[in-house]
Amino acid sequence: MTITPFEEKVYLSSPTMHGEELKYMQEAYETNWMSTVGANINEVERLISEKIGCGYAVALSSGTAALHLAIKIAGERLYGQPRVGHGTLEGHKVFASDMTFDATVNPIAYEGGEAVFIDTEYDTWNMDPVALEKAFEMYPDVRLVVVAHLYGTPGKIGEIRRICDEHGALIVEDAAESFGATYKGSQTGIFGDYSIISFNGNKIITGSSGGMILCRKKEDADKARKWSTQSREAAPWYQHEELGYNYRMSNVIAGVVRGQIPYLEEHIAQKKAIYERYKTGFADLPVEMNPFDAETSEPNFWLSCMLIKPEAMCRQVRGEKDVLYISEPGKSCPSEILDAIAALNAEGRPIWKPMHLQPIYRMNPFITASGNGRGGTNAYIEGEAADVGLDIFERGLCLPSDNKMTAEQQDRIIEAVRECFK
Ligand SMILES: *Cc1c(COP(=O)(O)O)cnc(C)c1O
């Protein structure tokens with residue numbers, strides 16, 4: 001079969017500008033408010049805290065910076081201020097989502113803590129509350145849980161909150177991918193003691209970069225703002241009582257975010273239509289789309305993903321940095337499908353490789369629903385997964401989900417995926 005690739009690449013998820021971004025950037029330029037102070041920052045903080053319904057939002061340079069400050073504030077609240085040069089979490093374990101982007105968990109290490117990875121459930125592809133309960137049985141002293149909502153789908157955050165309350169633990173909620181998604185009618189970003197969102201270039205709306213920490217209390221927001229601007233004290237000179245960071249958002253970036261905010265719902269509607277079109281296009285294939293619980297949640301459909309049924313997987317062997325697979329009639333695997341998508345000049349992506357499988361975190365504990373998950377080799381055993389994250393990583397992939405993709409382009413991608421199963 002000859003394939004005619006798209007002339008212009010179809011991306012996984014790329015920035016989509018609307019015009020107002022330029023107006024606010026220009027305003028910043030013309031008024032010389034080109035630093036980390038200005039009307040765009042103030043307005044973006046106001047609009048986002050209003051949208052999410054959290055008390056306070058502090059605009060920062062990235063979602064990762066927001067996670068760092070969120071985790072650091074939680075660490076200080078739990079364990080007090082450390083000596084300079086030491087992290088707030090030193091000597092402490094922290095429970096964290098396992099199947100996620102490493103930015104979710106790296107700040108635990110920045111603060112000297114040890115991440116204990118909690119396995120994933122199949123219903124929403126997020127942290128499994130059953131595994132979290134197990135983890136508290138095994139490590140009853142843990143007081144902090146860092147939890148992400150993957151691909152725009154809210155996790156079982158109600159259950160996670162109940163478990164954390166029972167154990168007196170704080171939650172840092174990573175809503176970087178799920179801005180605009182709701183759980184039981186509330187926006188993600190409201191469920192953590194500290195929450196964050198991201199305006200990275202591939203997120204549902206973007207500032208080209210940027211992020212925000214969302215806090216319930218004014219004192220926490222004030223602390224985040226102070227730390228993000230080098231921790232200056234109120235004094236005539238540069239006076240420092242605490243470690244500082246250069247994490248504040250620029251007023252130019254905030255202009256881009258400000259111009260994007262009115263388009264959040266439009267982007268979500270486009271992403272949802274993409275998800276539905278894939279779902280229909282794959283209805284008779286041995287695959288399912290990334291699932292969500294329609295009773296409790298409305299995702300933002302940031303990325304459309306698919307999972308191949310176990311019986312329809314061809315052989316695929318992944319090493320640390322390479323992969324081999326053997327095509328079989330009627331079957332396929334993520335690697336074959338990603339190759340087919342790439343041949344069309346479109347961009348797919350493997351599922352986030354779980355943190356417990358990453359060389360950097362291989363020595364950290366990993367807890368599954370049935371207890372300690374280390375040592376298992378077979379992810380999928382007779383309908384029971386011993387390591388759900390590994391199983392989804394092996395059988396799943398992210399499909400091109402750009403909101404500028406045309407229906408015709410998406411139909412060709414669907415056709416290319418269907419070919420893989422012939
Ligand atoms: C993008 C992302 C982040 C980090 O956000 P940046 O703004 O890129 O630093 C954190 N967590 C998750 C789950 C993400 O997808």
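Rules behind the numbers
Residues numbered from 1 in each chain as written. Predicted model: local features only at pLDDT ≥ 70, side-chain atom pairs only at ≥ 80, totals over all residues. Heavy atoms only, no water. Phe/Tyr/Trp six-rings, centres within 6.5 Å; stacked < 30°, edge-to-face > 60°. Lys NZ or Arg CZ within 6 Å of the ring centre and 35° of its normal. Helix = DSSP H or I, 4+ residues; strand = E, 2+ residues; numbered from the N terminus. Expected span 1.5 Å × (residues − 1). Buried < 20%, exposed > 50% of the residue type's maximum accessible area, 1.4 Å probe, protein only. Near = heavy atom within 4 Å. Polar contact = N/O pair within 3.5 Å; in protein donor to acceptor, adjacent residues only side chain to side chain. Areas by Shrake-Rupley, 256 points an atom, 1.4 Å probe, with all protein chains shown as cover. Nonpolar A, V, L, I, M, F, W, Y, C, P; charged D, E, K, R; others polar.

Draft legend 1. Main features of the packing of aromatic side chains. The full count for this structure, using the stated rule, is 11 aromatic pairs. Counting every residue linked through ring pairs, the aromatic cluster contains Phe 95, Phe 136 and Tyr 139. The cationic tip of Arg 318 hangs over the ring face of Phe 393; the distance from NZ or CZ to the ring centre is 4.3 Å.

Draft legend 2. View of helix 3 (residues 63–79). If you check helix 3, its first and last C-alpha atoms are 24 Å apart, about what 17 residues at 1.5 Å a residue would give, namely 24 Å. Among the 17 residues that make up helix 3, 13 are buried, leaving the element largely enclosed by the rest of the structure. Positive backbone phi, approximately 85°, marks Gly 80, located one or two places after helix 3.

Draft legend 3. How the structure looks around the site of the ligand. In the vicinity of the ligand there are 15 residues, among which Thr 64, Asp 174, Glu 177, Ser 198 and Lys 203 approach most closely. Take Ser 198: an N or O atom from its side chain is 2.7 Å from an oxygen atom of the ligand. The side chain of Lys 203 places a nitrogen or oxygen atom 3.3 Å from an oxygen atom of the ligand. Notes on the ligand: free accessible area 380 Å², of which the protein chains cover 94%. Residue contributions to the shell around the ligand peak at three residues, all from helix 3. Here the residues of the shell around the ligand are counted per class, giving four nonpolar, eight polar and three charged.

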